[in-house]
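As a plain string of letters, each chain reads:
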Amino acid sequence: MARSKSAPDNPSPPVIHSLIATLTNSVDSQSVCRIFSIPYNIRLEIYRLALRQYDDETRLYPEHAFRSRPPPSRYRQRICTDLLITCKRVYMEAHDIALAVNPHTFWDASGDVLNERGYPDTKKYLRDDLSWCFHKYTVEQRAAITDVRLFVSKDWLNSPQFQMFCQLKDIAPKRLRITIRPTEWDPQINGMINLDHAWMDNFKYVGRLKNLQLEMQTVEANSDQLETTVQDLLKKSILLAGSRSLGEVSVTRDRYMGHGIFEPGWEWINAVYYSQEENRWKAAEPGSRSPYQIQYVSTTVEWRMQ
């Protein structure tokens, strides 16, 4: 896996608390508009439905990209924000809803133009200083974030970067989903499918979390190793800040067919393919194609607030 890109040396941008404060002109009550005759709580539900992401069927994921999603997630996501430019009153009521109802997805990857390098459905790439992933957000916008999704390697979970993420003061998601893809179990050195518990200690810095999902994917041949790791995780509870914990734990298992070769998108990093004969990932020539599809297993361990 490529290493996360270091943050720039320039100082942090000035803190902006809210964009609403910049709306200095008067706001029309729009009393003749039918939507404002609907009770406010129902209007909020309408806004939430209108601002949720959806499949953009014109933008299919590159099937051999290093982090291409398994079916049925075959399309990039899109959010239509046209609602927010209809009038000032709608904007004031709904300006932070898209941030609250949609997942904020990040990959442990470097690169400046992610869409050209095969990293689908991403907002940012993870930097060493993770605060820069949100540096253009206002304080109000950062507080609205409730759902974060990370696609990382097992080594990243045990790195200082994950601890820094958990220590972010103004990013406190209620839901965190972490995915370790089949090629992220140290494929270059053919590491075993195992995961120690040191990374879990970082949740002591997290205060608002109510749901944690850890999705682990690997090839069918390694399913026994994965199951051993899962059974070990099922014995653990997640200790949070403020003497809180996520103690209710469950597991979901799935299988899917997928390609046996992935390309990272950088000319200086080899593509990798899965050798069925050796049961390991090996370097492949750029542009190679796997002659077969292989069976993958995916297991998600979920911790919830009791």
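Placed above this text is the structure.
## Notes on the overall build of the protein
Along the protein, the regular secondary structure elements total 7 helices and 13 strands. By residue count, 45% of the 306 residues in the protein fall in the buried class. If you take every contact in the protein between residues at least 6 apart in sequence, the share linking residues at least 24 apart comes to 75%. Taken as a whole, the protein presents about 15900 Å² of accessible surface, with 50% of it coming from carbon and sulfur.

## Section: the pairing of strand β3 (residues 104-107)
In β3, alternate side chains face the same way, and those of H104 and F106 on one face and T105 and W107 on the other are all buried. Note that β3 and strand β5 (residues 147-151) share 4 bridges and pair parallel. Across the sheet, residue T105 finds its bridge partner in β5, namely R149.

## Some points on unusual backbone geometry
For residues besides glycine, phi is generally negative; the peptide bonds are generally trans as well. Backbone geometry places Q30, a non-glycine residue, at a positive phi of 50 degrees. Summarising the element assignment, Q30 is placed in the segment before α1 (40-50). Although it is not a glycine, S243 sits at a positive phi angle of roughly 60 degrees. Tracing the chain through its elements places S243 in the loop between β8 (238-239) and β9 (245-259).

## Focus: α1
Every buried residue belonging to α1 is among R43, L44 and Y47, and all of these are buried. All buried residues of α1 fall inside an arc of 105 degrees around its axis, so they share one side. For α1, the exposed residues set more than 90 degrees away from the buried face come down to N41 and L49. Residues of α1 that are buried make contact with α2 (88-94) and α3 (97-101).

## Details of the environment of D56
For D56, the position within the fold is in strand β1 (residues 54-60). Note on D56: relative accessible area 8%, which makes it buried. C-alpha separation for the pair D56 and Q77, spaced 21 residues apart in sequence, amounts to 5.5 Å. Not counting residues within four places of it along the chain, the set of residues in contact with D56 comprises Y75, R76 and R78.

About the cut-offs
- Residues numbered from 1 in each chain as written.
- Predicted model: local features only at pLDDT ≥ 70, side-chain atom pairs only at ≥ 80, totals over all residues.
- Heavy atoms only, no water.
- Helix = DSSP H or I, 4+ residues; strand = E, 2+ residues; numbered from the N terminus.
- Buried < 20%, exposed > 50% of the residue type's maximum accessible area, 1.4 Å probe, protein only.
- Contact = heavy atoms within 4.5 Å.
- Areas by Shrake-Rupley, 256 points an atom, 1.4 Å probe, with all protein chains shown as cover.
- Pairing = 2+ DSSP bridges.
- Arc of directions from axis to C-beta.

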